[in-house]
Amino acid sequence: MQHSKRLEEFKKSVTNKFNIYNSLFLSLPYKNVENVGILIPLLLDQCEKGLKAGKEPQEILEVFFSNFVDIQDEKERLDFMFRIIQYVERQVVLYDSVEDAAFPKLQKYSQSLTIKDYFELVNRTKNWDKVSKQLSTFSARIVLTAHPTQFYTPAVLDIIAELRSLIDNDRIHDIDVTLQQLGLTSLINAQKPTPLDEAKNIIHILRNTYYDAVGELYHYVKSNIRDENFENYNIIKLGFWPGGDRDGNPFVTANITRQVADELRLTLMKCYYNDLKELRKKLTFKGMQDDMNELSGKLYKAMFDPNALISYSEIIQHLGAVREKLIADFHELYLGELDRFIDKVHIFKTHFASLDIRQDHSKHKLAVETILKQQGAVKESLEELKEKELIHWLLQKDLQLKPSDFEDEIVKDTIANIQQLKEIQSKNGEDGCNRYIISNSEDIFSVLFVFGLFRWSGWDEKEITFDIIPLFETMKGMEVSEEVMQTLFDTPKYRKHLQRRNDAHTIMLGFSDGTKDGGYLKANWSILKTKETLSKVCKKNGIKAIFFDGRGGPPARGGGKTHKFYAAQTKDVANHEIQLTIQGQTITSTYGTKEQFKHNSEQLLTAGLSNNLFVKEHVISAAQRKLIEELSELSFDKYDALKQHDKFIPYLENRSTLKFYTKANIGSRPGKRGNKEKLTLADLRAISFVGSWSQLKQNVPGYFGLGSAIQKLKDEGRFREVKKLYREVPFFKALMLNSMMSLAKTNFNLTSYMKEDPEYGDFWNILHDEYQLSKKMLLQVSGLHMLMEDEEVSRESVKIREKIVLPLLVIQQNALYHITQNSEYKDLYEKIVTRSLYGNINASRNSA
């Protein structure tokens, strides 16, 4: 019943409103746009019918241009297609705004467990002491990344926010005017953003959404927990990668890192200044102004001048003095407002979000090798040293490095950055920058190189106030992770470092590269097993294990229904804290408004807390594990055979949008690691890899191999075992549901013309056959009649979004075809492909 009421509300507040406001697009102020709005529905109809009939995109567009708009000239057709793309991009923005505005109404009918529901559950079970204890230490860390699918400028984000507000109040005239403003505002960057631009875009969201949202969520928990001493200011922590993540991005330098750290602090001071300004309007009593004026003056300087610092303790001291006077002399008037402001200062201190540093292990190896060459320890390579000798250099030898002593830019910048981290901590506080993450960790040196580089760069090893975090993201990395961590724990100098870090160790696991490497089921199953193993090894050594999940937007990169994933973790996984990355357009689509941020943050908290208190502990039996292992290996064999196919990389290079990701002015980071001429899967970024499959509407990494694996067991008469596994193991069920979401966003009709392609036809048929088999098997296993059957609102949303962008995708496929034909307008067709990426990425909301 709740489901149908929610769908009814969706149709009323989203579908109907979108259709009404979409009609306003008919008068968008584009040059030569008069007919576009009227013709889009006709083009959509032609696309749907044509693709169903197996027609090629170029054939569909030929019929459209000949029969409906009578444009014969190729250049004029290209101009018209550009206008369609502009139109569709703005339809997507409008739909996003309408759906976001309806979010609070839809949540009334949601079955998700909110903090409020959680407290009601506690009330019934009289578990307040246990809950209070749990909430006093539990936290969720949401780490915002700058990966290149988040590209709306602050100007466009402001328009979207304005539209949300106007739509909520049905202000038709104002909506019309704002849509006209949107029509004249560029949705894309004129040039590639710098890492600082990317950081500022995300900081814009921090300032305008998360600053208040985190404060409100904390206040709600504090007001309802029945513990007057509650002060877990870390219950929601914000992390930040733009400007700190240099893995594969040569444009992130020590200078950029320092600028971003300053920008975070200065923006926070603006938030504090504005809050204080509002308080000063209320606390107008005699004798109250001196402290507030003094603090106001300091904040004003600190929000413009990077060198005008005010410490966290200083801010609290001023506000504490104001609070004492308010209680003593003025009947505690407005004490609640003051306390809320003080809580925010305790939460954000002087850093706003914790800036993480990340670099690939190979770059640290290069730095150490270069340094030891200079020291005369090796002639050419680190392989000349025995393992013990290398460890001795890293942990015992005292060097005094200067960046200027080296020529290699990566080496110079690595040293300069590590040396400046002390200064960043002195300005933003230790919490402002205290984690160093190493990508592609596969041995102890991933961690020890960084520890050694800190020592050599002027840090006293007893004062290294950084958590050094290995990122195990490949199958090999996960396989050796237990041995790596145990060896580190057995290394006396590193163990002492951990004692100084409160005997806790954060370990990061990468879903994106894991899936690219091992396929969907094997990657996710390997990650769960790795977490269980590492939980045990940490516990055995008296270390608190904290897992940090590198998750992307779609299921193929660890996304999908994230809270279901965390709620399905087994009892053997350490559950002290949830940490995850929020990437790309997921930042704005899932955490973009205050309501969305609070709701999804609550989902993370309740998923983690419920596991500890209310849900029957999830245990996967030995027999169930054996079955998942078998399915995992079978699906991997199928996926691995696909990866080894000689057309795998050429297909992506020549029949997808892969090479166009780097041409789009979306992000500052290159689309692949390294400078090799020949593209390899290892060098390929997971974002452009998964995104390219998404643009093709084939979504291969989200399900490929599952159908064959399940069919094999069915052929052996073991289908009931798989169905039982789906019913009884929440982890397995969550993965299957996420795969079904990937399948629901798939449309092989779009590329069905490829089945006749002399070079890639056979490869396309391999993909298509596995898609059909996976869909059939998953529906049979789940007992559902259609994909996403139990998620009718999400299903309806996906359907509308896919319809909006279908003309754009047909235009994109047509352009890709003409590029292979060496058209005289090849440059324009390439621009069309690049431009069409934006609307499709936004419409998918979690495509990369």
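Residues numbered from 1 in each chain as written. Predicted model: local features only at pLDDT ≥ 70, side-chain atom pairs only at ≥ 80, totals over all residues. Heavy atoms only, no water.

Colleague: Run through the overall build of the protein chain, naming residues and quoting values.
Modeller: The number of helices and strands found in the protein chain is 33 helices and nine strands. Taking 2.2 N^0.38 as the reference for a compact globule, 848 residues should give roughly 29 Å; the C-alpha atoms of the protein chain span a radius of gyration of 28 Å, in line with that estimate. Taking the principal axes of its C-alpha atoms as reference, the protein chain extends roughly 80 × 70 × 60 Å. Taking all 848 residues of the protein chain together, the buried fraction comes to 61%. Excluding contacts between residues fewer than 6 apart, the proportion of contacts in the protein chain whose partners are at least 24 apart in sequence is 81%. Working note: accessible area of the protein chain is about 33,800 Å², and carbon and sulfur atoms make up 47% of it. (Helix = DSSP H or I, 4+ residues; strand = E, 2+ residues; numbered from the N terminus. Rg over C-alpha atoms; globule rule 2.2 N^0.38 Å. Buried < 20%, exposed > 50% of the residue type's maximum accessible area, 1.4 Å probe, protein only. Contact = heavy atoms within 4.5 Å. Areas by Shrake-Rupley, 256 points an atom, 1.4 Å probe, with all protein chains shown as cover.)

Colleague: Please set out the packing of helix H21 (residues 520-540) against helix H25 (residues 622-644) residue by residue, giving values where relevant.
Modeller: Following both chains from N to C, one finds H21 and H25 inclined at 140°, their axes separated by 8 Å at the closest point. Here H21 is positioned oblique relative to H25, judged by the angle of their axes. As for the relative orientation of H21 and H25, their crossing is left-handed in sense. Judged by residue contacts, Leu521, Lys522, Trp525, Lys529 and Glu532 of H21 engage Arg625, Ile628, Glu629, Leu631, Ser632, Glu633, Ser635 and Phe636 from H25. Grouping the constituent residues of the contact of H21 with H25 by class yields five nonpolar, two polar and six charged. (Axes fitted to C-alpha atoms, helices over the stretch in contact; angles between N-to-C directions. Parallel < 35°, antiparallel > 145°, perpendicular 65-115°, else oblique. Left-handed = near helix turned anticlockwise from the far one by under 90°. Nonpolar A, V, L, I, M, F, W, Y, C, P; charged D, E, K, R; others polar.)

Colleague: Quick rundown of the pairing of strand E4 (residues 357-360)? Include the residues and the values.
Modeller: In E4, alternate side chains face the same way, and those of Ile357 and Gln359 on one face and Arg358 and Asp360 on the other are all buried. As paired strands, E4 and strand E5 (residues 435-439) are joined by four bridges and run parallel to one another. Of the residues in E5, the one forming a bridge with Arg358 is Ile437. (Pairing = 2+ DSSP bridges.)

Colleague: Now, about H21: what can you tell me, with residues and values included?
Modeller: Its 21 residues place the ends of H21 31 Å apart at the C-alpha level, agreeing with the 30 Å of an ideal helix rising 1.5 Å per residue. Of all 21 residues making up H21, 16 are buried, and the element is well covered by its neighbours. Of the residues flanking the end of H21, it is Gly542, one or two places downstream, whose phi is positive at about 70°. (Expected span 1.5 Å × (residues − 1).)

Colleague: An account of the nonpolar core is needed here, citing residue identities and associated values.
Modeller: Judged by nonpolar contacts, the single largest core of 258 residues is most densely connected at Leu206, Phe240, Tyr272, Trp456, Leu631 and Trp693. Listed in part, the seven residues of the second largest apolar core include Ile437, Ile469, Met508 and Phe548. (Core = buried A, V, L, I, M, F, W, Y, C linked by side-chain atoms within 4.5 Å.)

Colleague: Break down helix H12 (residues 312-329) for me, with residues and values.
Modeller: Over its 18 residues, H12 extends 26 Å from the first C-alpha to the last, a length consistent with the 26 Å expected when each residue adds 1.5 Å. For H12, the set of buried residues is Ile315, His318, Leu319, Val322 and Leu326. Buried residues of H12 fall within an arc of 90° about the axis and therefore sit on the same side. Residues of H12 that are exposed and point over 90 degrees away from its buried face: Gln317, Glu324 and Ala328. The secondary structure elements touched by the buried residues of H12 are helix H10 (254-282), helix H11 (289-302) and helix H13 (335-348). Directly beyond the C-terminal end of H12, a positive phi value near 55° is found at His331. (Arc of directions from axis to C-beta.)

Colleague: Describe in detail the environment of Phe138, supporting the description with residues and values.
Modeller: Examined against the element boundaries, Phe138 turns out to sit in the loop between helix H6 (128-135) and strand E1 (139-144). C-alpha separation for the pair Phe138 and Ser426, spaced 288 residues apart in sequence, amounts to 27 Å. Those residues in contact with Phe138 that lie beyond four places of it in its chain are Asn232, Ile235, Asn575, His576, Glu577, Ile578, Leu605, Gly608 and Leu609.

Colleague: Give me the pattern of salt bridges: which residues, what numbers.
Modeller: Across all of its chains, the model carries 55 salt bridges by this definition. Among the ionic pairs, Arg455 bridges to Asp398, the shortest N-O distance being 2.7 Å. Residue Arg455 is found in helix H17 (residues 445-456), and its partner Asp398 is found in the loop between helix H15 (387-395) and helix H16 (409-428); the two are separated by 57 residues along the sequence. Exposure remark for Asp398: the relative accessible area of 66% places this residue in the exposed category. A salt bridge links Arg718 to Glu716; the shortest N-O distance between them is 3.2 Å. A network of salt bridges, in which partner residues are shared, links Glu630, Lys712, Glu716, Arg718 and Glu721. (Salt bridge = Lys/Arg side-chain N within 4 Å of Asp/Glu carboxyl O.)

Colleague: Describe the packing of aromatic side chains, naming the residues involved and giving the relevant values.
Modeller: For the structure shown, the criterion picks out 35 aromatic pairs. Ring centres 5.2 Å apart and planes at 70° place the aromatic pair Tyr300 and Phe304 in the edge-to-face group. Note on Tyr300: relative accessible area 44%, which makes it partly exposed. Over the ring of Phe548 we find Arg435; its NZ or CZ atom is 4.6 Å from the centre of that ring. Against the face of Phe636 rests Lys522, its NZ or CZ located 4.3 Å from the ring centre. (Phe/Tyr/Trp six-rings, centres within 6.5 Å; stacked < 30°, edge-to-face > 60°. Lys NZ or Arg CZ within 6 Å of the ring centre and 35° of its normal.)

Colleague: For the sheet that holds strand E6 (residues 467-472), give the residues involved together with the corresponding values.
Modeller: Overall, parallel pairing links the nine strands, which are arranged E3-E2-E1-E9-E8-E7-E6-E5-E4 in an open sheet. Edge positions in the sheet fall to strand E3 (354-355) and E4, since each of these pairs with one other strand and no more. Here helix H9 (residues 195-224) sits on the sheet in contact with E1 and strand E2 (236-240), set at roughly 175° to E2.

Colleague: Describe in detail the side chain of Thr530, supporting the description with residues and values.
Modeller: Within the secondary structure, Thr530 sits in helix H21. With a relative accessible area of 6%, Thr530 lands in the buried category. Sequence-distant contacts of Thr530, that is, excluding residues within four places in its chain, are made with Met478, Ser481 and Leu509.

These figures capture arrangement, not role.
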